[in-house]
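Geometric and topological summary
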Amino acid sequence: MKVVLSTAALLLLISCQTVQENKQAAETETKIENTVPDGYNPEAKLSELGIQLSTPSAPVANYVNAVRTGNLIFLAGKGPLKPDGENITGKLGGNLTIEEGYEAARITGINQLSVLKAELGNLNKVKRIVKVLGMVNSTPDFTDQPKVVNGYSDLMVAVFGENGKHARAAVGMGALPSDIAIEVEMIVEVYD
């Protein structure tokens, strides 16, 4: 009986030790995954690109600019508000060219980066841009929404490198609030 109990106690001890070792290995792996890689510096890249972020505009209704859940941040839709306080307005396929739409999308991206920085304190905490939804104010016959939203996507890749590549939808809208040319929302994964 003593031999059986001793054997059972030994097996229990080995089992507990194995569970503890597996837990420690998983924690180490998680810490490695949640560590900012050497040389990754979106803040420096913004400076290099000559982009200055501003204080994000306040929401215009009953919502917030960003919501964090776990390691994801969901950014509310923003538009092409220029530094002078005026929006780029109009319809693609109507009174705006693809080039003007591309620039409006890029400005929208800068506005979203301002929100993200206000939320995180430092853009180096961005692990990856996960998903972008670009809504383009378009005439019914305009079908180049992806070319417009590229202004946003190209900026994310310029700032975050490979981590800026994202899943995306670029869709046409019959109208957007205040006749803005584009509105974009984004989902971002962040380091702990």
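Relevant structure appears above.
As the structure is a computational prediction, the values presented were derived from the model and not from experiment.

The rules behind the values
Residues numbered from 1 in each chain as written. Predicted model: local features only at pLDDT ≥ 70, side-chain atom pairs only at ≥ 80, totals over all residues. Heavy atoms only, no water. Axes fitted to C-alpha atoms, helices over the stretch in contact; angles between N-to-C directions. Helix = DSSP H or I, 4+ residues; strand = E, 2+ residues; numbered from the N terminus. Parallel < 35°, antiparallel > 145°, perpendicular 65-115°, else oblique. Left-handed = near helix turned anticlockwise from the far one by under 90°. Contact = heavy atoms within 4.5 Å. Nonpolar A, V, L, I, M, F, W, Y, C, P; charged D, E, K, R; others polar. Core = buried A, V, L, I, M, F, W, Y, C linked by side-chain atoms within 4.5 Å. Buried < 20%, exposed > 50% of the residue type's maximum accessible area, 1.4 Å probe, protein only. Expected span 1.5 Å × (residues − 1). Pairing = 2+ DSSP bridges. Patch = residues over 30% accessible without salt bridge, like charges linked within 9 Å, V, L, I, M, F, W, Y side chains within 5 Å. Areas by Shrake-Rupley, 256 points an atom, 1.4 Å probe, with all protein chains shown as cover. Salt bridge = Lys/Arg side-chain N within 4 Å of Asp/Glu carboxyl O.

1. Regarding the packing of helix 3 (residues 98-120) against helix 4 (residues 145-160)
Helix packing for two helices is described by the angle between their axes and how far apart those axes are. The geometry of helix 3 relative to helix 4 is characterised by a closest axis approach of 7 Å and an angle of 40° between their N-to-C directions. In terms of axis orientation, helix 3 runs oblique to helix 4. As helix 3 packs across helix 4, the resulting crossing turns out to be right-handed. Seen from helix 3, the contacting residues are Ile-98, Gly-101, Tyr-102, Ala-105, Arg-106, Thr-108, Gly-109, Ile-110, Gln-112 and Leu-113; seen from helix 4, they are Lys-147, Val-148, Val-149, Asn-150, Gly-151, Tyr-152, Asp-154, Leu-155, Met-156, Val-159 and Phe-160. Per-class residue counts for the contact of helix 3 with helix 4 are 12 nonpolar, 6 polar and 3 charged.

2. What about the nonpolar core?
By size, the foremost hydrophobic cluster in this structure holds 37 residues, and its most contacted members are Leu-116, Val-126, Phe-160 and Met-186. For this core, the elements supplying multiple residues, two or more each, are strand 2 (72-78), helix 3, strand 3 (126-137), helix 4 and strand 5 (182-190). Ranked by residues supplied to this core, first place goes to helix 3 with 8 residues. Apart from residues lying up to four places away in sequence, Met-186 is in contact with Ile-73, Phe-74, Leu-75, Gln-112, Leu-116, Ile-129, Lys-131, Val-132, Tyr-152 and Met-156.

3. Quick word on helix 3
Relative to the 33 Å expected for 23 residues at 1.5 Å per residue, helix 3 spans 32 Å between its end C-alpha atoms, a close match to the ideal helical length. A positive phi of about 90° marks Gly-121, the residue just after helix 3.

4. With respect to the pairing of strand 2
Most of strand 2 sits out of view: 5 of its 7 residues are buried. By the bridge criterion, 5 bridges tie strand 2 to strand 5 in an arrangement that is antiparallel. Along strand 5, the bridge assignment pairs Leu-72 with Glu-189.

5. Points about a nonpolar patch on the surface
Residues Val-64, Val-67, Leu-72, Phe-74 and Val-130 make up a contiguous nonpolar surface patch of roughly 370 Å² in combined accessible area. Relative to the assigned elements, Val-64 resides in the loop between helix 2 (42-48) and strand 1 (66-69). Overall, Val-64 belongs to the partly exposed group, its relative accessible area being 49%.

6. Things to note about the sheet that holds strand 3
The strand order across the open sheet formed by 5 strands is 1-2-5-3-4, and the pairing between neighbours is mixed. In the strand order of this sheet, the two ends are held by strand 1 and strand 4 (167-173), each with one partner. Adjacent strand axes in the sheet meet at a mean angle of 15° when their direction is disregarded. Pairing of strand 3 with strand 4, which is carried by 7 bridges, proceeds in the parallel orientation. If you follow Gly-134 over to strand 4, its bridge partner there is Ala-170. Packing against the sheet, helix 3 makes contact with strand 1, strand 2, strand 3 and strand 5, and its axis sits at approximately 135° to strand 2. Along the sheet face, helix 4 touches strand 3, strand 4 and strand 5 and points at about 150° away from the line of strand 4.

Shape descriptors only; they carry no functional weight alone.
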